[in-house]
Amino acid sequence: MEFEGREEHWSQRFENLDYSGKEIASTEFDGCTFEGCDFSEVTFKRCNFVECEFIRCNLSNARIEYSKFSDVSFRDSKLIGINWTTASWPGMIFSSPIKFYTSILNDSSFYGLALQDFILEECKAHNVDFREGDFSNANFTYSDLSGCFFSSTNLSGADFSEATNYDIDIYQNRIEKARFSRFEAVRLLECLDIDLID
């Protein structure tokens, strides 16, 4: 099913579409499912996604200019190189408007965003920018966070159980009540001027 030329889509399913490099503007998707679609290098301009699900989709290098997301989940998808700061976020957020499961988010940016209860579960997230953001009570479980940037980030109450390869300076970030797996938590001591002996 195509959706060009229409501005509203309700409870529809889109499968195996190729919109790579195209622009989709001023379109609302409510309760829609996208499966096996190629949205690489697409531009979503002033679009609105409400209670949508992306399954096995490629959104790498997508532009999401002034688009809105509310209760949107991504599963088994590629979302490399997305600047999430260009979306339109509400002033008050009571639960994370976007959730990621078993997806790849390398080289993306969430700089300065307030996304409490954010979910990044079992994902590969290399070199992702979380600086200056509020990710309190977030779920980073089982994710690979190699090279991610955390500075002045609120991670209080966040769950890093079974997450790996994170570098979090305990002096530069809020981590009270956060949960870490015992063996990986040793990484938190790397910002201290101490020697660890096996």
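Residues numbered from 1 in each chain as written. Predicted model: local features only at pLDDT ≥ 70, side-chain atom pairs only at ≥ 80, totals over all residues. Heavy atoms only, no water.

Focus: unusual backbone geometry
Piece 1. The residue Ser26 is not glycine, and still its phi comes out positive at about 50°.
Piece 2. Tracing the backbone through its elements, the reader meets Ser26 in the loop between strand E3 (23-25) and strand E4 (28-30).
Piece 3. Of note in this structure, Asn61 is not a glycine but carries a positive phi near 60°.
Piece 4. Within the secondary structure, Asn61 is located in the loop between strand E8 (53-55) and strand E9 (68-70).
Piece 5. A residue is classified by how much of its surface remains accessible, and Asn61, at 41% relative accessible area, is partly exposed. (Helix = DSSP H or I, 4+ residues; strand = E, 2+ residues; numbered from the N terminus. Buried < 20%, exposed > 50% of the residue type's maximum accessible area, 1.4 Å probe, protein only.)

So, the sheet that holds strand E11 (residues 98-101)
Piece 1. Within the open sheet, the six strands sit side by side as E2-E5-E8-E10-E11-E12. Their pairing is parallel. The outermost strands of the open sheet, each flanked by one partner alone, are strand E2 (13-15) and strand E12 (119-121). Averaged over all adjacent pairs, the angle separating strand axes in this sheet is 10°, with direction ignored.
Piece 2. As paired elements, E8 and strand E10 (residues 72-75) share three bridges and run parallel to each other. In the sheet register, Ile55 faces E10, and the bridge partner there is Arg75. (Pairing = 2+ DSSP bridges. Axes fitted to C-alpha atoms, helices over the stretch in contact; angles between N-to-C directions.)

Re the pattern of salt bridges
Piece 1. What the rule picks out here adds up to 11 salt bridges.
Piece 2. The shortest N-O distance in the salt bridge between Glu23 and Lys45 comes to 4.0 Å. Remark: Lys45 occurs in strand E6 (residues 43-45) and Glu23 occurs in strand E3; sequence separation between them is 22 residues.
Piece 3. Given a relative accessible area of 29%, Lys45 falls into the partly exposed group.
Piece 4. The closest approach of N and O atoms between Arg179 and Asp159, which form a salt bridge, is 3.7 Å. Here the residue Arg179 occupies a position in strand E14 (residues 179-180), and Asp159 occupies one in strand E13 (residues 159-160), the gap between them amounting to 20 residues.
Piece 5. Classification of Asp159 by relative accessible area gives buried; the value is 15%.
Piece 6. Taken together, the shared-partner salt bridges in this structure form one network comprising Arg13, Glu15, Glu35 and Arg56. (Salt bridge = Lys/Arg side-chain N within 4 Å of Asp/Glu carboxyl O.)

With respect to the sheet that holds strand E7 (residues 48-50)
Piece 1. In space, the four strands of this open sheet follow the order E1-E4-E7-E9, with parallel pairing throughout. Two strands lie at the open edges of the sheet, namely strand E1 (8-10) and E9, each paired on one side alone. Strand-to-strand twist in this sheet, taken as the mean axis angle between neighbours without regard to direction, amounts to 5°.
Piece 2. Bridge count between E7 and E9: three bridges; the pairing is parallel. The partner of Val50 across the bridge, within E9, is Ser70.

Focus: the side chain of Ser77
Piece 1. By the element assignment, Ser77 lies in the loop between E10 and E11.
Piece 2. Exposure remark for Ser77: the relative accessible area of 3% places this residue in the buried category.
Piece 3. In terms of polar contacts, Ser77 uses its side chain to reach the backbone carbonyl oxygen of Arg75, at 2.9 Å.
Piece 4. Apart from residues lying up to four places away in sequence, Ser77 is in contact with Phe54, Ile55, Arg56, Cys57, Thr102, Ser103 and Ile104. (Polar contact = N/O pair within 3.5 Å; in protein donor to acceptor, adjacent residues only side chain to side chain. Contact = heavy atoms within 4.5 Å.)

So, the environment of Trp84
Piece 1. Tracing the sequence through the fold places Trp84 in the loop between E10 and E11.
Piece 2. Residues Trp84 and Leu113 lie 29 residues apart in sequence; the distance between their C-alpha atoms is 8.5 Å.

Thoughts on the nonpolar core
Piece 1. Residues Trp84 and Phe110 are the most contacted members of the largest nonpolar core, which totals 54 residues.
Piece 2. When residues of this core are traced back to their parent elements, those giving at least two are E10 and E11.
Piece 3. Not counting chain neighbours up to four residues away, the residues in contact with Phe110 comprise Trp84, Thr85, Ile98, Phe100, Leu105, Leu115, Phe118, Val128, Asp129, Phe130 and Phe135. (Core = buried A, V, L, I, M, F, W, Y, C linked by side-chain atoms within 4.5 Å.)

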